[in-house]
Amino acid sequence: EYLKYKPNDDFVYYSLGQAYLRAGDVLKATEAYKNAINFNNNKALYYKELAIAYNYLDKDDDVVRCLTKAKQLGQSDGIVHTFLGKFFIKQLKIEEAIEVLEKAIKENPNNLLAKIYLALALIKKNDIEPAINYLHEIVRAPIKTPLKMEADTLLKKLS
């Protein structure tokens, strides 16, 4: 309703994107983030959130493009590094993946998603011992997460 009166308000489009994403409507979230960027293409946060939405849609190239733009605009945090690492692994750029995933963990030592991707990258590099250590950290984490089951499965495969 607000957009009827202020149709060029980038922050409202960003907020709308957040609401749609939380409600599970990724396509509408993506459109809202694109609108926010159309009205203000200098906000790194908008590109980061659009990348997250594209991740749900499995649009890898769009994710990397948006994350790269977010980094160019100064957004350099654990989420950006985690998703870049994930896509570097998919592109078989293992050294680059390891580098950004280590940054993600340095920024947030509790980033279990970064740890599982780092373990996967290390396994691809055949650096098994540190990978096992990261997987054990995930399994021992005090929170409930499906990542624990994934880590446990990987540990069993490595044994």
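Above this text you will find the structure in question.
Residues numbered from 1 in each chain as written. Predicted model: local features only at pLDDT ≥ 70, side-chain atom pairs only at ≥ 80, totals over all residues. Heavy atoms only, no water.

(A) Molecular detail of the overall build of the protein. A count of helices and strands for the protein gives 10 helices and zero strands. In the protein, the succession of α and β elements from N to C terminus is α-α-α-α-α-α-α-α-α-α. Taken along the three principal axes of its C-alpha coordinates, the protein extends 60 × 30 × 25 Å. The contacts of the protein with a sequence gap of at least 6 include a subset with a gap of at least 24, amounting to 42%. Summing over all exposed atoms, the protein offers an accessible surface of approximately 9,100 Å²; the carbon and sulfur share of this is 52%. (Helix = DSSP H or I, 4+ residues; strand = E, 2+ residues; numbered from the N terminus. Contact = heavy atoms within 4.5 Å. Areas by Shrake-Rupley, 256 points an atom, 1.4 Å probe, with all protein chains shown as cover.)

(B) Inspection of the packing of helix H9 (residues 128–140) against helix H10 (residues 146–158) at higher detail. Two numbers describe how H9 lies on H10: the axes approach to 8 Å, and their chain directions differ by 145°. Seen from above, H9 lies across H10 with left-handed handedness. Taking contact as the criterion, the partners of Ile128, Ile132, Leu135, His136, Ile138 and Val139 in H9 are, on H10, Leu147, Lys148, Ala151, Asp152, Leu154, Leu155 and Leu158. When its residues are assigned to classes, the contact of H9 with H10 shows 10 nonpolar, one polar and two charged. (Axes fitted to C-alpha atoms, helices over the stretch in contact; angles between N-to-C directions. Left-handed = near helix turned anticlockwise from the far one by under 90°. Nonpolar A, V, L, I, M, F, W, Y, C, P; charged D, E, K, R; others polar.)

(C) Quick look at the packing of aromatic side chains. Enumeration according to the criterion identifies four aromatic pairs in this entry. Ring pairing ties together the aromatic residues Phe11, Tyr14, Tyr33 and Tyr46, which thus form one cluster. (Phe/Tyr/Trp six-rings, centres within 6.5 Å; stacked < 30°, edge-to-face > 60°.)

(D) Representation of the nonpolar core in the model. Membership of the largest hydrophobic core comes to 52 residues, with the highest contact counts inside it found for Ile116 and Leu135. Those residues in contact with Ile116 that lie beyond four places of it in its chain are Leu135, Ile138, Leu147, Glu150, Ala151 and Leu154. (Core = buried A, V, L, I, M, F, W, Y, C linked by side-chain atoms within 4.5 Å. Buried < 20%, exposed > 50% of the residue type's maximum accessible area, 1.4 Å probe, protein only.)

(E) Fine view of the packing of helix H6 (residues 78–90) against helix H7 (residues 94–107). At a minimum axis separation of 8 Å, H6 and H7 run at an interaxial angle of 160°. Judged by the angle between their axes, H6 and H7 are roughly antiparallel. In this structure, H6 crosses over H7, and the sense of that crossing is left-handed. Residues Gly78, His81, Thr82, Leu84, Gly85, Phe88 and Ile89 of H6 pack against Ile94, Glu96, Ala97, Val100, Leu101, Lys103, Ala104 and Glu107 of H7. Class assignment for the residues of the contact of H6 with H7 results in eight nonpolar, four polar and three charged. (Parallel < 35°, antiparallel > 145°, perpendicular 65-115°, else oblique.)

(F) Region of the structure containing unusual backbone geometry. Its identity is not glycine, yet Asp58 carries a phi of approximately 60°, on the positive side. Within the fold, Asp58 resides in the loop between helix H4 (44–56) and helix H5 (60–72).

(G) Geometry of the side chain of Thr30. When you line up the elements, Thr30 lands in helix H3 (residues 26–39). Polar contacts involving the side chain of Thr30 include one to the main-chain carbonyl oxygen of Val26, which spans 2.8 Å. Setting aside anything within four residues of it in sequence, one finds Thr30 in contact with Leu50, Ala53, Tyr54 and Leu57. (Polar contact = N/O pair within 3.5 Å; in protein donor to acceptor, adjacent residues only side chain to side chain.)

(H) Focus on the environment of Ala114. With respect to the secondary-structure elements, Ala114 resides in helix H8 (residues 112–124). Ala114 sits 35 residues away from Ile79 along the chain, and the two C-alpha atoms are 8.5 Å apart. Contact partners of Ala114, with chain neighbours within four places excluded, come to Thr82, Leu101, Ala104 and Ile105.

Geometry only, nothing functional implied.
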